[in-house]
Amino acid sequence: MSQVDAPRGRTCSRTLRSVALLTSGVLALPALAACSADESERTGKAAAPDIAAAARDKVADGGTLRWAIDAMPTTLNAFQADADAATTRIAGAVLPSLFTLDKSGRPQRNPDFVESAEIVDREPKQVVLYKLNQKAVWSDGREIGAPDFVAQWRALSGKDSAYWTARNAGYERIEEIQKGANDLEVKVTFTKPYADWQSLFSPLYPKDVTSAPNAFNDGARDGLKATAGPFRLGPLDRKAGTATLVRNPRWWGEQAKLENLVLTAVPRDKRADALAAGRVDIAEIDRGTATRIAGAAGPRYASGQPSSPAAGRTPSSALKGGAVPHGSGDGKALVARSRSVAAYVAAQTALKGYVVRKSLEPAYTQLALNGESGPLADARVRRAVARALDRKELAETVLSPLGLPADPPGSHLALAGQNAYTDNSGALGEQSTEEAQALLADAGWTPGGLKKPAPAKAGSEAGASASPKASGFPSSAPSGRKAGEGDAASDDGLYIVGDDKPASAVHGPESGGTRILAPAPAAAGRELALPGRPGSDDEARGAGTQDKKGEVAGAYAPRGTAAPVVAGAVGKNGKPLSLRFVLPSGPGSEPLRAVGAKIARMLDRVGIRTEITKVADSGYFKDHIASGNYDLALYSWPATAYPATDARPIFAKPEPASDGSLLVEQNYTRVGTDYINQLFDQAAAELDQDAARELVRRADARIWAAAGSIPLYQRPELVAAKPTVLNAGAFGFAAPRYQDIGFKKG
């Protein structure tokens, strides 16, 4: 929906014994009632997973699956700052996850561990009662119970600095944990309401890991004393780069089909070679490798691109094709080249043994605008940049060649299909060159501004020379503006972020779900103190006005601002408007660079020049994004179902630290307002799901209007797998169900 107001119509109500979610783990639930058409229209539809889904009786018992990971994990503790994707994968297979995501990115209870989980008291304090599966035990035979919950709470509460934790969101709100009526019940009491309580205790670690700082900090680096999942932890061979998971004989649920799951460290740029050499059975890949596999399999790629010139050739024919007469001066070079071609052809032949499974990853790529200083500190310039972009065209650049849906995300806080999703992009408005130019003009950036101002003149002569026509295009100042106010934003029709005038309708839609791809996922919530200054503090007064189209007025120039005809660059006080656009230079970053080049051309049309700087992938995030050394940049955020908790550090207003530095947490755009913070805080404390969803929606509309982050497209997820691998591939939102993964029978 394009409106900022509450969506109209009924929403689907789900009554569950427990509703919750986590980004990893497994789940099976009784079927839920279908959602109404109204909810489907509001939330959109998630891209379907592509995992060669099969019933368990079609999957062979036994076998070893080799699954590529980026690197060996430095820790098996998912709550530490250096945890990574490999940590998450291992935790999902060997540890309890009380709640997991389904294919629509919605939280579901995991009955293997929890029979029920629900809020049993709201007043005077929120109390959640967990009833655990009576068969659930750790690998050492001890029952999973309250002592494990208590130890994890104390480790993650933030009260003991001896624990090296990356985040404690939610755990700091717990007042006490007690055993319930029996050993299978755990009662959790909160000091203040916490809407995202379902996100807690997933994964759940045994008390051996969390009961003491030393055990928490270093005890889970190379092993776990106890596990509880369809697999248990086998040997970690750092020299060979493998982590072996072994079928758990104590597992009380459906037995794992695989006997062994071997996670094998293979860098992204080596995946094609590893697949061709038969070192792995399944691996996430980039677009280049996907093209090679598709080209090897058939005469043409699915997108219509031609297959590799080597397709259909054999290694011997490649060598013969490179033969040269004896004694030729170029003979050695040609022989070397022919051998290289033969090796490539042999690899292509091997790649015929794989298929590419594809979906949309639960993460979106955004254009980040650094609003700390310079031209982008002016919200009008940021909005002009945003209004210059054709997001649909940018999404199609990345996704259409892969045959994936190319609809730009309409929310920063959830993705299509999730409960929290509503399209709030109308708060900024669609692409419009005229509006972008008018916003720039209102901010004082005009074609005439490239001329250096004339020396000051005295008396009436100065007044006579101050004609609006002097710049060569219509005045950007609305009638009635006082002299000298050319650079000031008019309040006439201008949306002020944080100015929340009562909305015409705040009646009840819904609440919602997000993890950064550049640093380790578990680093979410870390605070980062950086040099700088706090952004301006917009007044927190109410919920932005809307025009008759339902779009927030902030995306438009004040009434009376003419859009100048821009033939070239715009400027102010003799200086052109030029922005430093930082992009990664690595071999796997071609899609980002292609998108960056298109963005530069779109900005050029409205007079904004970009200086594209390509930097090494290794320092792209740390040295540029996190440090604020950029004007424009492209990077991604993952999605979860708990935006009030997980997204707050990403979009909260940076605060000044005691030493004068700027505490940005994960808000690397440095753009935020007090009112956005307030909406997040209210949503996190709202136990009514519809009311919490509405607060999240309002926060997202504010984030759109602030124009510090412009979502462009949901990231593609491409996975190469042997055709015989079942129930694994491009999972999309869905958490892997590790016990069902295996090979086709026969």
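Predicted model, so just to flag it, every value in this text is computed and none were measured.

## Concerning the overall build of the protein
At step 1: Each helix and strand in the protein was counted, giving 19 helices and 23 strands.
At step 2: Of all 746 residues assigned to the protein, the portion counted as buried reaches 55%.
At step 3: For the protein, the accessible area works out to roughly 30600 Å², and carbon and sulfur atoms hold 50% of it.

## Focus: the packing of helix α18 (residues 674-684) against helix α19 (residues 689-706)
At step 1: Where α18 meets α19, the closest approach of the two axes is 8 Å, and the angle between their N-to-C directions is 160 degrees. Between α18 and α19, the interaxial angle falls into the category roughly antiparallel. The interaxial crossing formed by α18 with α19 has left-handed handedness. Where α18 approaches α19, its residues Y675, I676, L679, F680, Q682 and A683 are matched on the opposing element by A692, L695, V696, R698, A699, R702 and I703.

## Section: the pattern of salt bridges
At step 1: In total, this model carries 28 salt bridges according to the counting rule given.
At step 2: Across the pair D281 and K722 runs a salt bridge whose closest N-O atoms are separated by 3.1 Å.
At step 3: For K722, a relative accessible area of 25% translates into the label partly exposed.
At step 4: With its nearest N and O atoms 3.7 Å apart, the salt bridge here joins K653 to D674. With K653 in the loop between α17 (648-651) and β19 (655-656) and D674 in helix α18, the pair connects residues that are 21 residues apart, well separated along the chain.

## Some thoughts on helix α3 (residues 146-156)
At step 1: Of all the eleven residues making up α3, nine are buried; the element is thus mostly covered by neighbouring parts of the structure.
At step 2: Residues A146, D148, F149, V150, A151, Q152, W153, A155 and L156 constitute the buried set of α3.
At step 3: Residue G158 follows α3 closely and has a positive phi angle near 85 degrees.

## Brief notes about the environment of Y344
At step 1: Position of Y344 among the secondary structure elements: in helix α9 (residues 331-351).
At step 2: Y344 sits in the partly exposed class, given a relative accessible area of 30%.
At step 3: Sequence separation between Y344 and A276 is 68 residues, and the spatial gap between their C-alpha atoms is 9.7 Å.

## Structural notes on the pairing of strand β17 (residues 609-615)
At step 1: Pairing between strand β16 (residues 578-584) and β17: seven bridges, direction parallel. From the neighbouring strand, F581 faces β17, where its bridge partner is I612.
At step 2: On the question of chirality, the crossover connecting β16 to the parallel β17 by way of helix α14 (residues 590-605) is right-handed.

## Remarks on the confidence of the model for the protein
At step 1: Averaged over every residue, the pLDDT of the protein is 81; residues scoring 70 or more account for 74%.
At step 2: Of the regions scoring below 50 in pLDDT, residues 1-37 engages in 124 contacts with residues more than four places distant in sequence or in other chains.
At step 3: Of the regions scoring below 50 in pLDDT, residues 459-554 engages in 257 contacts with residues more than four places distant in sequence or in other chains.

## Side note on unusual backbone geometry
At step 1: Of the consecutive residues E123 and P124, the connecting peptide bond is found in the cis state with omega at 0 degrees.
At step 2: With respect to the helices, strands and loops of the structure, P124 is situated in the loop between β4 (114-121) and β5 (127-132).
At step 3: Following S202, the chain continues into P203 via a peptide bond in cis, with omega recorded as 0 degrees.
At step 4: For P203, the position within the fold is in the loop between β7 (185-190) and α4 (207-210).
At step 5: Even without being a glycine, A707 presents a positive backbone phi close to 55 degrees.

## Quick notes on the sheet that holds strand β6 (residues 174-179)
At step 1: Within the open sheet, the four strands sit side by side as β4-β5-β7-β6. Their pairing is antiparallel. Every interior strand has two partners, whereas the edge strands, β4 and β6, have only one. Across the sheet, the mean angle separating the axes of adjacent strands is 15 degrees when strand polarity is ignored.
At step 2: Pairing between β6 and β7: five bridges, direction antiparallel. Paired with Q178 across the strands is K187, a residue of β7.

## Description of the side chain of Q366
At step 1: Following the sequence through the fold, Q366 ends up in strand β12 (residues 355-369).
At step 2: If we ignore the near neighbours within four places in the chain, the residues touching Q366 are A633, L634, Y635, W637, S709, I710, P711 and L712.

## Thoughts on the nonpolar core
A general tendency of soluble globular proteins is for nonpolar side chains to be buried together.
At step 1: Core analysis: the largest hydrophobic core is formed by 96 residues, its most contacted members being L367, I599, L634, I710 and L712.
At step 2: Discounting residues that sit within four places of it in the chain, I710 has contacts with T365, Q366, L367, L369, A386, L389, R391, H412, L428 and W704.
At step 3: Among the nonpolar cores identified, the runner-up in size contains 72 residues, and I69, W153, I174 and A730 belong to it.

## Here we look at the environment of A350
At step 1: Within the fold, A350 resides in helix α9.
At step 2: Along the chain, A350 and I293 lie 57 residues apart, while their C-alpha atoms are 9.2 Å from each other.

## Focus: helix α2 (residues 85-94)
At step 1: Most of α2 sits inside the fold, with seven of its ten residues counted as buried.
At step 2: Taken as a whole, α2 has its buried residues at A86, T87, I90, A91, G92, A93 and V94.
At step 3: Residues of α2 that are buried in the fold lie against β1 (64-69), β8 (231-237), β9 (242-247) and β10 (260-265).
At step 4: In this structure D84 caps α2, since a side-chain oxygen of it lies 3.1 Å from the backbone nitrogen of A86.

## Some words on the packing of helix α11 (residues 391-399) against α14
At step 1: Remark: α11 packs on α14, axes separated minimally by 10 Å, with the N-to-C direction vectors making an angle of 160 degrees. Between α11 and α14, the crossing angle belongs to the class labelled roughly antiparallel. Between α11 and α14 the crossing geometry is right-handed. Here α11 contributes E393, L394, T397 and V398 to the contact with α14, which in turn contributes A594, V595, K598, I599 and M602.
At step 2: Grouping the constituent residues of the contact of α11 with α14 by class yields six nonpolar, one polar and two charged.

## Points about a negative patch on the surface
At step 1: On the surface, D269, D273, D286 and E590 cluster together into a patch of negative charge.
At step 2: If you trace the backbone, D286 turns up in the loop between β11 (282-284) and α7 (287-297).

## Overview of the pairing of β5
At step 1: Judged by how many residues are buried, β5 sits mostly within the fold: five of six residues are covered.
At step 2: Counting the residues between successive antiparallel strands, the hairpin from β4 to β5 contains five residues.
At step 3: By the bridge criterion, five bridges tie β5 to β7 in an arrangement that is antiparallel. Considered in β7, the bridge of V127 is made with T189.

## Thoughts on the packing of aromatic side chains
At step 1: Taken as a whole and assessed by the stated rule, the structure comprises 19 aromatic pairs.
At step 2: Centroid distance Y130 to W197: 6.3 Å. Interplanar angle 75 degrees. Geometry classified as edge-to-face. One end of the pair, Y130, is in strand β5; the other, W197, is in the loop between β7 and α4, and 67 residues separate them in sequence. For the pair Y130 and W197, one class covers both residues: buried.
At step 3: On the numbers, 6.2 Å between centres and 40 degrees between planes, the contact of F190 with Y194 is tilted. Note on accessibility: F190 and Y194 belong to one class, buried.
At step 4: Linked through ring pairs, F79, F99, Y130, F149, Y171, W197, F201 and Y205 together constitute an aromatic cluster.
At step 5: Taking the ring centre of W67 as reference, the NZ or CZ of R89 above it sits at 4.2 Å.

Calculation criteria
- Just so you know, the residues in each chain are numbered from 1, in the order the chain's sequence is written.
- Given that the model is predicted, a residue must reach a pLDDT of at least 70 before its local features are reported, and side-chain atom pairs must reach 80 or more before they are shown or counted; all residues, however, enter totals for whole chains, interfaces and linings.
- As a convention, hydrogens and water are excluded, and side-chain values are obtained from all of the structure's heavy atoms.
- Comment: elements are numbered from the N terminus, with helices defined as DSSP H or I runs of at least four residues and strands as E runs of at least two.
- Burial classes: relative accessible area under 20% of the type maximum marks a residue as buried, over 50% as exposed, and values in between as partly exposed (1.4 Å probe, protein chains only).
- Surface accessibility follows the Shrake-Rupley procedure with a 1.4 Å probe radius. Residue values consider only the protein chains on display as shielding.
- Axis definition: a line fit to C-alpha positions, over the contact stretch in the case of helices; interaxial angles, taken between N-to-C directions, run 0 to 180 degrees.
- Oblique is the label for every angle not falling under 35 degrees (roughly parallel), over 145 degrees (roughly antiparallel), or within 65 to 115 degrees (roughly perpendicular).
- In this scheme, a crossing is called left-handed if the near helix is turned counterclockwise away from the far one by less than a right angle; it is called right-handed if the turn is clockwise.
- Only heavy atoms enter the contact rule, under which two residues are in contact if any of them lie within 4.5 Å.
- Put simply, a salt bridge is a Lys or Arg side-chain nitrogen that is within 4 Å of an Asp or Glu carboxyl oxygen.
- Should DSSP find at least two bridges between two strands, the strands are taken to pair.
- Look down the strands so they point away from you; if the path from the first strand over the helix to the second goes clockwise, the crossover is right-handed.
- You can read pLDDT as the predictor saying how much it trusts each residue, on a scale of 0 to 100.
- For this analysis, a nonpolar core means a set of buried residues of the types Ala, Val, Leu, Ile, Met, Phe, Trp, Tyr and Cys, connected via side-chain atoms within 4.5 Å.
- Identification of polar contacts relies on pairs of N or O atoms within 3.5 Å, with a donor-acceptor requirement for protein atoms, meaning one able to donate a hydrogen and the other able to accept it, and with residues adjacent in sequence counted only if both atoms are side-chain atoms.
- Three residue categories are used. Nonpolar comprises Ala, Val, Leu, Ile, Met, Phe, Trp, Tyr, Cys and Pro, charged comprises Asp, Glu, Lys and Arg, and polar comprises the others, including Gly.
- Patch rule: a residue counts if its relative accessible area is over 30% and it has no salt bridge; like charges are joined within 9 Å, and nonpolar side chains (Val, Leu, Ile, Met, Phe, Trp, Tyr) within 5 Å.
- For the purpose of charge, His is not counted, nor are the chain termini; Lys and Arg are scored as positive and Asp and Glu as negative.
- Every charge is mapped onto a representative atom, which is NZ of Lys, CZ of Arg, CG of Asp or CD of Glu.
- Centres within 6.5 Å make a pair out of two Phe, Tyr or Trp rings, where for Trp the six-membered ring is used; the pair is then stacked when the planes are under 30 degrees apart, edge-to-face when over 60, and tilted otherwise.
- In our convention, an over-ring charge means Lys NZ or Arg CZ found within 6 Å of a ring centre and within 35 degrees of that ring's normal.

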